[in-house]
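Observations on the three-dimensional arrangement
Here are the chains, one letter per residue:
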Amino acid sequence: MKQKVELNEKTILVTGAAGFIGSNLVIRLLNSLFNSTIIGIDCMTDYNPISLKIWRLKRIEQVAKESNSKWVYVKENIANKSIVDDLFSKYRFNIVVNLAAQAGVRYSIDHPDVYIDSNIIGFYNILEASRKIPVEHLIYASSSSVYGGNKKIPFSTDDKVDSPVSLYAATKKSNELMAHAYSKLYNIPSTGLRFFTVYGPAGRPDMFYYSATNTLANGGIIKIFNYGEMKRDFTYIDDITEGVVQVMRGAPQKINGADGLPIAPYAIYNIGGGQPVNLLEYIAVLQEELVKAGVLPKEYDFESHRELVAMQPGDVPITYADSSALEADFDFKPKIGIREGLRAFAEWYSEYYMKDENKKK
């Protein structure tokens with residue numbers, strides 16, 4: 001079990017603060033910390049709807065009004081080195097949580113440039129700034145996609161991850177390698193978190209559960225890849241943010257080796273639900289909860305609105321996290337099941353998209 005430090009009275013940077021995980025993390029911190037300063041940076045790209053990002057930021061602002069900590073938002077891009085350097089000089093961060101990234105496996109096939117700018121150059125800028133003005137702990141988002149076509153399951157952080165099947169996965173593996181180099185060279189405590197299929201209210205519209213809901217709500221037909229023979233280790237957003245907070249409290253120790261040089265204070269953890277769910281089962285629960293929330297009509301014909309199709313390039317048939325290291329070091333294990341998680345999403349979706357219709361009922 002790691003010795004945990006207090007996060008009160010700290011100055012914390014959260015990149016990608018208008019994103020799904022970033023915004024929820026900021027809210028979690030504002031709700032629980034005392035006399036801390038949370039700086040959020042996000043360049044507000046239009047890969048996902050700007051309106052949804054604005055909604056997330058407004059939610060943060062509402063929470064910040066009642067918080068015992070301070071919130072500052074900066075609309076900038078971490079790929080801009082001078083902006084990152086200026087922020088580090090001004091605030092001298094204790095803890096940095098880098099969640100800013102261009103996400104999406106399929107999008108990376110047709111839009112490689114944005115992945116290099118955000119995921120490689122942006123992360124390099126964070127590392128360089130953390131070297132010049134040392135931080136107590138750098139936490140950064142990796143991804144389950146680094147496991148690529150690994151056949152062994154569950155995926156363990158001890159497994160080799162040398163065969164990415166998308167540029168997105170390759171950039172995330174690159175982040176891990178870059179962080180290790182900086183940890184070793186400059187004694188920067190860093191922790192990478194491999195997230196597994198994160199979902200929940202106000203999530204990413206490009207994720208299957210969300211895009212499928214949009215399609216079904218508009219009477220369309222959803223495509224189920226690999227003919228439904230897919231399993232995902234779905235992880236609810238509250239479990240993800242709680243896991244990140246626990247990791248923030250326990251930086252890898254700085255230790256020198258026999259040669260007198262630092263042993264890299266570096267760690268990697270999986271954060272996954274630990275219970276891979278068949279995609280067809282997940283869809284069935286999603287549809288049931290959408291009916292309960294009034295997004296779909298009570299007599300909805302599920303079978304006529306689904307089509308089984310072949311696997312997409314860059315996809316893998318199963319993701320399954322071995323999160324035992326996270327549990328051992330931080331006594332944390334994801335606990336929210338898909339029924340509870342999808343119910344929360346369906347109720348949020350109904351409120352967000354169907355507010356006017358619901359008022360008429």
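So, here's what we can say about the structure.

The rules behind these values
- Residues numbered from 1 in each chain as written.
- Predicted model: local features only at pLDDT ≥ 70, side-chain atom pairs only at ≥ 80, totals over all residues.
- Heavy atoms only, no water.
- Helix = DSSP H or I, 4+ residues; strand = E, 2+ residues; numbered from the N terminus.
- Buried < 20%, exposed > 50% of the residue type's maximum accessible area, 1.4 Å probe, protein only.
- Polar contact = N/O pair within 3.5 Å; in protein donor to acceptor, adjacent residues only side chain to side chain.
- Pairing = 2+ DSSP bridges.
- Right-handed = clockwise from strand over helix to strand, strands pointing away.
- Axes fitted to C-alpha atoms, helices over the stretch in contact; angles between N-to-C directions.
- Parallel < 35°, antiparallel > 145°, perpendicular 65-115°, else oblique.
- Left-handed = near helix turned anticlockwise from the far one by under 90°.
- Contact = heavy atoms within 4.5 Å.
- Nonpolar A, V, L, I, M, F, W, Y, C, P; charged D, E, K, R; others polar.
- Core = buried A, V, L, I, M, F, W, Y, C linked by side-chain atoms within 4.5 Å.

**Focus: the environment of His 137**
If you trace the backbone, His 137 turns up in strand S5 (residues 137–143). Residue classification places His 137 among the buried positions, given a relative accessible area of 1%. Each C-alpha atom, one on His 137 and one on Ile 188, is 7.0 Å from the other, the two residues being 51 residues apart in sequence. Within polar-contact distance, the side chain of His 137 engages the side chain of Thr 191 at 2.8 Å.

**Topic: the pairing of strand S2 (residues 37–41)**
Along S2, five of the five residues are buried, which leaves the element largely enclosed by surrounding structure. Of the two faces of S2, the one lined by Thr 37, Ile 39 and Ile 41 and the one lined by Ile 38 and Gly 40 are each fully buried. Inspection of the sheet shows strand S1 (residues 11–15) paired to S2 by five bridges, in the parallel sense. When the sheet's bridge partners are listed, Val 14 is paired in S2 with Gly 40. Assessed by its sense of winding, the connection that carries the chain from S1 through helix H1 (residues 20–32) to S2 is right-handed. Bridge count between S2 and strand S3 (residues 70–74): five bridges; the pairing is parallel. Paired with Gly 40 across the bridge in S3 is Tyr 73. Taking the sense of rotation as the criterion, the β-α-β connection linking S2, helix H2 (residues 50–65) and S3 turns out right-handed.

**Some remarks on the packing of helix H7 (residues 208–217) against helix H9 (residues 279–292)**
A packed helix pair is summarised by two numbers, namely the angle formed by the two axes and the spacing between the axes. One way to put it is that H7 packs onto H9 with a least axis distance of 11 Å and a crossing angle of 50°. On the basis of their axis angle, the class for H7 and H9 is oblique. Note on packing geometry: the crossing formed by H7 with H9 is right-handed. In this structure, H7 contributes Phe 208, Tyr 209, Ala 212, Thr 213 and Leu 216 to the contact, and H9 contributes Leu 279, Tyr 282, Ile 283, Leu 286, Gln 287 and Leu 290. Per-class residue counts for the contact of H7 with H9 are nine nonpolar, two polar and no charged.

**Observations regarding the nonpolar core**
With 75 residues, the main nonpolar core has Leu 25, Leu 29, Trp 71, Phe 195, Tyr 209, Met 248 and Tyr 282 as its most contacted residues. When sequence neighbours within four positions are dropped, the list of residues in contact with Met 248 reads Val 5, Leu 7, Ile 12, Leu 25, Leu 29, Ile 95, Val 97, His 137 and Ile 139. Core analysis: the next-biggest nonpolar cluster, separate from the first, contains 26 residues, Ile 39, Val 74, Ile 83 and Ala 129 among them.

Read these as layout, nothing more, since geometry by itself doesn't imply function.
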